[in-house]
Amino acid sequence: MTASRAASWGLLAGLVVLGAVLGTAGSLVQGLWFPGGLLLALGGCAGLFYGGLRAYGSQAGVLAPGAGWLLAVILLSFGRPEGDGLFFGSLSELVYVLGGMVMAVICATLTRLPPGERRTGPLGV
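The written sequence of each chain sets the order in which its residues are numbered from 1. pLDDT decides what is reported in this predicted model: residues at 70 or higher carry local features, side-chain atom pairs at 80 or more are listed and counted, and totals for whole chains, interfaces and linings draw on all residues regardless. To obtain the side-chain values, all non-hydrogen atoms of the structure were included, while hydrogens and water were left out.

## Remarks on the packing of aromatic side chains
Any Phe, Tyr or Trp ring, taking Trp's six-membered ring, that has another such ring centre within 6.5 Å forms a pair; planes under 30 degrees apart are called stacked, those over 60 apart edge-to-face, and the others tilted. The tally for this structure, following the rule as stated, stands at 2 aromatic pairs. Look at F49 and W69: their rings are 6.4 Å apart centre to centre, the planes differ by 90°, and that puts the pair in the edge-to-face class. Residue F49 is found in helix α2 (residues 36-56), and its partner W69 is found in helix α3 (residues 60-78); the two are separated by 20 residues along the sequence. Take F49 and W69: they sit in the same class, and that class is buried. With centroids separated by 5.6 Å and ring planes inclined at 65°, the aromatic side chains of W69 and Y96 adopt a geometry described as edge-to-face. Of this pair, W69 sits in helix α3 while Y96 is found in helix α4 (residues 91-108), placing the two residues 27 residues apart along the sequence. Per-residue accessibility, obtained with a 1.4 Å probe over protein chains only, is compared with the maximum for each type, and a residue is labelled buried under 20%, exposed over 50%, and partly exposed between these values. The exposure class of W69 is buried, given its relative accessible area of 2%. Working definition: helices are DSSP H or I runs of at least four residues, strands are E runs of at least two. Numbering for both runs from the N terminus.

Here it is in structure tokens:
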């Protein structure tokens, strides 16, 4: 495996971890300070997804943090057998989950970089 390919896989793994961290943090913040926390959580999603697109240079840069974010949100929505859960079905939680998915889809469709900014690979390597 070449060094640039290893760096590419490392970047994708880092984006998955960042997506999971953002999904966990956003799940906690969105209900804390309504509506400011919801806007903060969705803004963080948009920033991470678009940043992943710009850093990686293709749709995989959106897919990796999106997968980590979705995995974290799904696992947190299950709750525990004792009845403890993070999501209780309010409007804020629904907007966070659907809004995060919409942000990922929007960023995934922005794959065309301006002509002057085309790079050869992840992070311009």
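Here the narrative resumes.
## Digging into the packing of α2 against α4
Between N-to-C directions, angles span 0 to 180 degrees; the directions come from axes that are lines fitted to C-alpha atoms, helices contributing only their stretch in contact. Contact pair α2 / α4: the axes reach a minimum separation of 9 Å and the direction vectors enclose 20°. Comparing the axis directions of α2 and α4 gives the class roughly parallel. Between α2 and α4 the crossing geometry is right-handed. Side by side, α2 and α4 meet where L38, A41, L42, C45, A46, F49, Y50 and L53 of the first sit next to S92, V95, Y96, G99, G100, M103, A104 and C107 of the second. By the definition adopted for this analysis, an angle is roughly parallel if under 35 degrees, roughly antiparallel if over 145, roughly perpendicular if from 65 to 115, and oblique otherwise. Note: crossing handedness is left-handed where the near helix turns anticlockwise from the far helix by less than a right angle, and right-handed where it turns clockwise. Any two residues having at least one pair of non-hydrogen atoms within 4.5 Å are treated as being in contact.

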